[in-house]
Amino acid sequence: MLDAQGYQVGQAFPRADSGGQFQVSGLAPGTYKVAFNRVNGSSTDEAQFYRGVHESAGLAASATVSVAADQVTQLEDARLVSGGVLTGKVVGPDGFPLTDALVQAFTDDGSLVTRTASTDESGRFSLGGLSSGSYKLRVNGDAQVPGIGTLYSGNTTETANAALLQSTVGQSKDIGVLMYAPVPASGGPGGSVPIIPSRFLDTRSASGPVAAGGTVSFQAGGVNGVPIDASAVVVNLTATETKSAGFLTAYASGGEKPNASNVNFGPGQTVPNLAVVPLGPDGKITIANTSSGTTQVIADVAAYFKGGLPAAVGAFAAKPPSRFLDTRASSGPVPAGGTVSLQIGGVNGIPSNAAAAVINLTVTEAKSAGFLTAYASGRAKPNASNVNFGPGQTVPNLAVVPLGPDGKVTIANTSPGTAQVIADVAGYFLPGMPLDAGASGNITPTRFLDTRTSSGPVKAGGTISFQAAGINGVPENAAGVWVNLTVTEPTSFGYLSGYASRSARPNASNVNYGTGQTVPNLSYLPIGRDGKVTIANIESGLGSTVQIIADVSGYTLR
């Protein structure tokens, strides 16, 4: 029972008994409105006013019922049917699905909110029990998600401009995506902007395997939120279904293929590796397959760098990959427990005061199992790894490594046997304390997660989250982190996918592994609103587990 203004009368809505009968007593003489099934949330039956008026018509269209003192007013029977359903998805201004946001359906005239729902971790909502007619939707009307304001259907912030959505009793309709206006990518040239990790290339479902000695190109600029004038992208490259040993080299479309590698693989292997690759004038990237057999190639993009001449503190300058170290042709293998240093600052166009470099490290001809740790020259070796390897393996991994005061990087070989080391540099970061959005900062490589000593192994299909912002030198306003993910002790084969906490898991992979393998891969992962990063373990073996290690070496600001 409602009064003439639509407000509830009494302490609670009366409920019909098992026979569908109801009674409201104690009403003062006057006129009232009667609405059926005015239950928010889960009810599937339609809401309507007395005498079969669809609630979407608004309060003014409903009939009035007069009540006199000491009299019983008998109403005509009402017949309810299964209501209509509106479903959809809400995306926040940062481009990620909005979680725990209130979604309200209200009548065309704005007089009555009829149904409410909350978005899940994927940003999805479902509003049921609607009558046939037009509705408008309102998101975050209670401001429980702070700092983003209210959004209406039609992706407008003004209620008068809200789009009308049609509901039909007994039918379900997906209205698509309600999307907040994106926050403009602030910061200057060379600033980093994370995107929802997205699959930009998968030759298995597109062009087919890349031929021996052949190339494949894909559009990165102007696609999935990457601007056409971006200077470079952060892309996880995966080689799979390989027919022979070889490596992939990624470079700017239209440019000359550099003497550098990104992903090294053997026959039948699935090998991922992160790369920072400049874009060609057409916004494309070319990937060359140097092997004598075909291979399938997958490319998942996680961030881009803004175009233009970088000048601000923490900005990134992309360069064509260049080989800075190859111990096979210089000093010889790095001894067990030994180190090798390489000059980066002041060499090959890298300024002498560069803060850090993006280096693809490759170990080959290893005599025993171990790992490499790269760090700033003159500093203590951190408790972190960059490349894990077994005897005889050739393993690459990208690293973002701070430079020492002398512009050098030191690489330590922790194994009990010798190993050859190759270093290809793909760009550098400008020095100073980063302050602007998109600027990058470095920390001493630090272990943020090791399930072997904390939570224990992660089950197949399970996830684990770790705090990334506000600890260990990473500021509260960090947008993303450079994190070396290492899988160890897997009891089956599968892959890891990292993403912002409380967001939907993307269709992208970070680390692919086989049973019993220890596999590292650098990742650039966005940070959720709660300051955390989530890692999902996607495995094929029911009941299998895997241990996960996360070493963070840098961040970008929000």
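Parameters at a glance
- Residues numbered from 1 in each chain as written.
- Predicted model: local features only at pLDDT ≥ 70, side-chain atom pairs only at ≥ 80, totals over all residues.
- Heavy atoms only, no water.
- Helix = DSSP H or I, 4+ residues; strand = E, 2+ residues; numbered from the N terminus.
- Buried < 20%, exposed > 50% of the residue type's maximum accessible area, 1.4 Å probe, protein only.
- Contact = heavy atoms within 4.5 Å.
- Areas by Shrake-Rupley, 256 points an atom, 1.4 Å probe, with all protein chains shown as cover.
- Lys, Arg positive; Asp, Glu negative; His and termini not counted.
- Charge placed at Lys NZ, Arg CZ, Asp CG, Glu CD.
- Pairing = 2+ DSSP bridges.
- Axes fitted to C-alpha atoms, helices over the stretch in contact; angles between N-to-C directions.
- Salt bridge = Lys/Arg side-chain N within 4 Å of Asp/Glu carboxyl O.
- Polar contact = N/O pair within 3.5 Å; in protein donor to acceptor, adjacent residues only side chain to side chain.
- Core = buried A, V, L, I, M, F, W, Y, C linked by side-chain atoms within 4.5 Å.
- Phe/Tyr/Trp six-rings, centres within 6.5 Å; stacked < 30°, edge-to-face > 60°.
- Lys NZ or Arg CZ within 6 Å of the ring centre and 35° of its normal.

Draft legend 1. Inspection of the overall build of the protein at higher detail. When you go through the protein residue by residue, the secondary structure sums to zero helices and 38 strands. The principal-axis extent of the C-alpha atoms belonging to the protein is close to 105 × 50 × 45 Å. Looking at the protein as a whole, 55% of its 558 residues are labelled buried. In the protein, once contacts between residues fewer than 6 apart in sequence are set aside, the share between residues at least 24 apart is 78%. Surface summary for the protein: the accessible area is close to 22,600 Å², and the carbon and sulfur share equals 50%. One finds the centroid of the 32 positive side-chain charges in the protein at a distance of 7 Å from the centroid of its 34 negative side-chain charges.

Draft legend 2. Region of the structure containing unusual backbone geometry. For E489, which is not a glycine, the phi torsion comes out positive at approximately 55°. With phi around 65°, R502 is a residue other than glycine that occupies positive phi space. Along the polypeptide, R502 turns up in the loop between β34 (494-500) and β35 (511-513).

Draft legend 3. Representation of the sheet that holds strand β16 (residues 232-240) within the structure. The sheet built from four strands is open, its strands ordered β14-β21-β16-β19 with antiparallel pairing. Two strands bound the open sheet, and with one partner strand each, they are β14 (192-202) and β19 (271-278). Neighbour-to-neighbour, the strand axes of the sheet open up by a mean angle of 20°, direction not taken into account. Pairing between β16 and strand β21 (residues 296-305): nine bridges, direction antiparallel. By the bridge assignment for β21, V233 is matched with Y304.

Draft legend 4. Quick peek at the sheet that holds strand β17 (residues 246-252). Across the sheet, which stays open at both edges, the four strands sit in the order β15-β20-β17-β18 with antiparallel pairing between neighbours. In this open sheet, the two edge strands, each paired with only one partner strand, are β15 (215-219) and β18 (263-265). Across the sheet, the axes of successive neighbouring strands diverge by a mean angle of 20°, strand direction being ignored. With five bridges joining them, β15 and strand β20 (residues 284-289) adopt antiparallel strand pairing. Of the residues in β20, the one forming a bridge with T215 is A288.

Draft legend 5. Representation of the pattern of salt bridges within the structure. Inspection of the entire model under this criterion finds eleven salt bridges. R502 is the salt-bridge partner of D100, the closest N and O atoms lying 2.4 Å from each other. With D100 in the loop between β6 (84-91) and β7 (102-107) and R502 in the loop between β34 and β35, the pair connects residues that are 402 residues apart, well separated along the chain. In this structure D100 comes out as partly exposed when scored by relative accessible area, which is 44%.

Draft legend 6. Highlighting the side chain of N360. Secondary-structure assignment places N360 in strand β24 (residues 356-364). The buried category is assigned to N360, whose relative accessible area is 3%. Within the structure, N360 has its side chain in polar contact with the backbone oxygen of S261 (distance 2.9 Å). Setting aside its immediate chain neighbours within four residues, N360 contacts S261, N262, N273, L274, P396, N397, L398, I422, A423 and D424.

Draft legend 7. Quick look at the nonpolar core. Judged by nonpolar contacts, the single largest core of 31 residues is most densely connected at L342, I344, I359, L361, V363, V409 and I411. Non-local contacts of V363, meaning those with residues more than four positions away in its chain, are made with L372, V387, F389, Q393, T394, V395, A419 and Q420.

Draft legend 8. Quick look at the environment of L27. Inspection of the secondary structure puts L27 in the segment before β1 (30-33). On a C-alpha basis, the gap between L27 and A211 in space is 82 Å, while along the polypeptide they are 184 residues apart.

Draft legend 9. Fine view of the packing of aromatic side chains. On inspection of all chains with the given rule, the structure shows eight aromatic pairs. Among the aromatic residues, those joined into a cluster by ring pairs are F305, F316 and F429. Taking the ring centre of F106 as reference, the NZ or CZ of R138 above it sits at 5.0 Å.

Draft legend 10. Representation of the side chain of S544 in the model. The residue S544 is located in the loop between β37 (532-539) and β38 (545-557) in this model. By relative accessible area, S544 is classed as buried at 5%. Beyond its immediate sequence surroundings of up to four residues, S544 is in contact with V458, K459, A460, T491, S492 and E539.

Draft legend 11. Structural detail: the environment of V401. Structurally, the position occupied by V401 is in strand β27 (residues 395-402). Not counting chain neighbours up to four residues away, the residues in contact with V401 comprise A356, A357, I359, A374, Y375, A376 and V409.

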